[in-house]
Amino acid sequence: MANRHPSPQRTETSDQQRDRTAELSADIETTGYYPQVVAAGIADALADEPVVAYVLHHEPTFDRDEVRRHMTVLTLTPTRLVLAHTDEHPADDVLPEPYTSTTTEAVPLRTVDSVVVTRTVPTATAVSADSPHDAAEAVLTIGWGAVRRLDLEPAACSDPNCEADHGYTGSATADDFSLRVSAAADGGGAVQRLLAFTRELSAATSRPR
């Protein structure tokens, strides 16, 4: 049976990888979400490096009676992972009219220490030979040690009558970046695009650096 979701062709060296910058620009334009603003922020962060893989996530958010949108773009280059997030804001003390804010972060691939992918597949789909890859939801979590969450609570001993101060106990967990895409909200194609990006990212971070 032919593979319904073939993996992108990979090459041995980054110089031979297909540059997908034009595709990324076209997809940003198609979303209609402040394309010039989003593209400018990403272009500055890319610094003329070619685009190996990318994924866009355009999502509305609800703020009381208003609907606002935001977009996240993950871009993979031969040496870095570039994250860009654009929000729209109402007029406030910062500006007297509605405005956008774009934040970009460029992460060297050598610093990425974990790529966690969680996919949710309906049981009926999972056992069907005709649709083995139709995930209903996918969550990508990327860790590179930039942000860690520290959870503390008072320590205690096994003696219920003990009143001594045992200090604190807790755990430190990585909390760098997470992106969730669902077929119900974003369409099945969006889930597959995120999974395709995770395959490229996993391959890139597995190469010797």
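For the structure, check the block above.
Residues numbered from 1 in each chain as written. Predicted model: local features only at pLDDT ≥ 70, side-chain atom pairs only at ≥ 80, totals over all residues. Heavy atoms only, no water.

### Thoughts on the environment of Asp-19
Inference 1: Within the secondary structure, Asp-19 sits in the segment before α1 (21–31).
Inference 2: For Asp-19, a relative accessible area of 43% corresponds to the partly exposed category.
Inference 3: Separated by 33 residues in the primary sequence, Asp-19 and Val-52 place their C-alpha atoms 5.8 Å from one another.
Inference 4: Excluding residues within four positions of it along the chain, Asp-19 makes contact with Pro-50 and Val-51.
Inference 5: Here Val-51 takes part through its backbone nitrogen, which lies 3.0 Å from a polar atom of the side chain of Asp-19. (Helix = DSSP H or I, 4+ residues; strand = E, 2+ residues; numbered from the N terminus. Buried < 20%, exposed > 50% of the residue type's maximum accessible area, 1.4 Å probe, protein only. Contact = heavy atoms within 4.5 Å. Polar contact = N/O pair within 3.5 Å; in protein donor to acceptor, adjacent residues only side chain to side chain.)

### Examining helix α2 (residues 35–46)
Inference 1: With 12 residues, α2 should cover 16 Å at 1.5 Å per step; its first-to-last C-alpha distance of 16 Å lies within 8% of that length.
Inference 2: Every buried residue of α2 is listed here: Pro-35, Val-38, Gly-41, Ile-42, Ala-45 and Leu-46. In an axial view of α2, the angular spread of the buried residues amounts to 145 degrees, which keeps them on one side of the axis. Facing away from the buried side of α2 by more than 90 degrees, the exposed set consists of Gln-36 and Asp-44.
Inference 3: Within two residues after α2, Ala-47 carries a phi angle of roughly 55 degrees, on the positive side. (Expected span 1.5 Å × (residues − 1). Arc of directions from axis to C-beta.)

### Some words on the sheet that holds strand β6 (residues 137–143)
Inference 1: The sheet built from three strands is open, its strands ordered β5-β6-β9 with antiparallel pairing. What marks the edges here is a single partner per strand, and that holds for β5 (114–120) and β9 (177–182). Taken pair by pair, the neighbouring strands of this sheet meet at an average axis angle of 10 degrees, ignoring direction.
Inference 2: Across the sheet, helix α5 (residues 188–206) is in contact with β5, β6 and β9; its angle to β6 comes to roughly 30 degrees. (Pairing = 2+ DSSP bridges. Axes fitted to C-alpha atoms, helices over the stretch in contact; angles between N-to-C directions.)

### Focus: the pattern of salt bridges
Inference 1: Counted under the stated rule, the structure contains five salt bridges.
Inference 2: Here Arg-80 and Glu-49 are joined by a salt bridge, their closest N and O atoms 2.8 Å apart. In this pair, Arg-80 is assigned in strand β3 (residues 80–89) and Glu-49 in the loop between α2 and β1 (53–63), connecting sequence segments 31 residues apart.
Inference 3: A relative accessible area of 17% places Arg-80 in the buried class.
Inference 4: Two residues, Arg-180 and Glu-137, come together in a salt bridge whose shortest N-O distance is 2.8 Å. Of this pair, Arg-180 sits in strand β9 while Glu-137 sits in strand β6, placing them 43 residues apart in sequence. (Salt bridge = Lys/Arg side-chain N within 4 Å of Asp/Glu carboxyl O.)

Note that all results are geometric; they support no functional claim without further evidence.
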